[in-house]
Amino acid sequence: MTSKNSLLDPTPFTLGLQGVRVLMVGGNWAAVEFLLRQGALVRVVDSQPDAGTLALAAEGRLRLDRRGFDEADLDGVQLCVTAPGLAQAAAEARGVMVGALPAASRRTGRASLVGAGPGAADLLTVRAVEVIRDADVVMFDKLIGSEVLALIQPGAQRIDVGKRCGRHAMAQSAINALIVRHAQAGRHVVRLKGGDPFVFGRGGEELESLRAAGVPTEVVPGITAALATAARLGIPLTHRGASRSLHLITAHGSDDRLPEHDWTALARAGGTLAVYMGVRTLPLLAARLLAAGMAPDTPAIAVENATLSNERRMPGTLAGIADAVAAAGLEGPTLVLIGAVVALADLAADQDSAEEHLAA
Ligand SMILES: C[S@@+](CC[C@H](N)C(=O)[O-])C[C@H]1O[C@@H](n2cnc3c(N)ncnc32)[C@H](O)[C@@H]1O
């Protein structure tokens, strides 16, 4: 926690609170720190404490009850510090001294939509690392690797919003609402997403909902799967004379079917195609491109878990790539690159360097 987050620092005065029993309703960590410095015995009641308050509780410097306020919490209390509301009225009725925290004195919440890249932690941006380390709450997808998650501070709340065996992912509308709710409670919420948040990452929808709620939001770009995969294989995505455009397309429509792209335009463009979410619909996608006039021997490659230790590569041609992928039984996140530049892939050399890197 840095002092830039504290609205009570620098502290202009001291209070003699040595041994005074203080109840704080709502864990504004900066205010809690201030009370502790004055010698108070602090108890915090907060159903969603911020990361700083959690850390202080973990150090045994205060007692924390993770729930809403109850009038009985005021028993034996000499000072109640709270934002205006139920606790203030109850404290005043009992003659307990009240330290009012105006609602505005809680620190301003914010959100960061952060691209975590393709999986390997050393492919995060420096800014992404800074922002993850500063988070009070991190909401992450299933594609985020353990190395990246290890950067989250111990006191920060982790929320897995991705799909897991036998469980559905949290609905996008629920994710949007949750980010807003945590930010409005004064927290720094990091929404951590694979690759780049704005490339097939639904970052646009989250940003819209944050803007509508007036939550200050930063977007931290990440290395999208197409760029990471191409770099790993030494495939220049554009190359003078071989490819003058790059098309990022999804093969997964909202109804689980192949979306109706303009296949003729894509085939005619003669650029590089990077196909996201393409394993299941690859036979149909290849058939569409062939029917639109793309040459059957156009080089193609499917890469599963690019940049991770379990990376697998299936090189082939447009005519054969779907069968190769089906035969290999690729099930993890897989990117398919199609186009003349794929012929430049240096499979063996890169695999060796990946193995050395992983062994190091
Ligand atoms: C929902 S999209 C998210 C894309 C992400 N926002 C990005 O910029 O890379 C998921 C798809 O991204 C691709 N993908 C993500 N990570 C990958 C990886 N490490 N290797 C290969 N493909 C990957 C796969 O096509 C996967 O089905």
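Higher on the page you've got the structure.
These lines cover the structure that appears in this document, whether it is placed above or below. Predicted model only: the values in this text are computed from it and were never measured.

Another point: the sheet that holds strand E2 (residues 41–45). A sheet is described by the order of its strands in space; here 5 strands give the open sequence E3-E2-E1-E4-E5, paired in parallel fashion. Sheet topology places strand E3 (63–65) and strand E5 (97–100) at the edges, where each strand pairs with a single neighbour. When the angles between neighbouring strand axes are averaged without regard to direction, this sheet yields 20 degrees. Here strand E4 (residues 79–82) pairs with E5 via 4 bridges, running parallel. When the bridges of E5 are listed, Thr82 appears paired with Ala100.

Of all residues adjacent to the ligand, which total 16 residues, the nearest are Asp196, Val199, Thr224, Ala306 and Thr334. Contact between the ligand and Asp196: an oxygen atom at 2.9 Å from a main-chain N or O atom of the residue. Take Val199: an N or O atom from its main chain is 2.7 Å from a nitrogen atom of the ligand. In isolation the ligand offers 560 Å² of accessible surface; the protein chains occlude 87% of this area. In terms of residue class, the shell around the ligand is built from 10 nonpolar, 5 polar and 1 charged.

Here the focus is the environment of Ala251. Tracing the chain through its elements places Ala251 in the loop between strand E11 (246–250) and helix H9 (263–269). With relative accessibility at 1%, the residue Ala251 sits in the buried group. As a C-alpha pair, Ala251 and Leu284 span 33 residues in sequence and 9.5 Å in three-dimensional space. For Ala251, the contacting residues outside a window of four places in its chain are Arg257, Leu258, Pro259, Val275, Tyr276, Met277, Gly278, Thr281 and Leu285.

Cut-offs used in this document
Residues numbered from 1 in each chain as written. Predicted model: local features only at pLDDT ≥ 70, side-chain atom pairs only at ≥ 80, totals over all residues. Heavy atoms only, no water. Pairing = 2+ DSSP bridges. Helix = DSSP H or I, 4+ residues; strand = E, 2+ residues; numbered from the N terminus. Axes fitted to C-alpha atoms, helices over the stretch in contact; angles between N-to-C directions. Near = heavy atom within 4 Å. Polar contact = N/O pair within 3.5 Å; in protein donor to acceptor, adjacent residues only side chain to side chain. Areas by Shrake-Rupley, 256 points an atom, 1.4 Å probe, with all protein chains shown as cover. Nonpolar A, V, L, I, M, F, W, Y, C, P; charged D, E, K, R; others polar. Buried < 20%, exposed > 50% of the residue type's maximum accessible area, 1.4 Å probe, protein only. Contact = heavy atoms within 4.5 Å.

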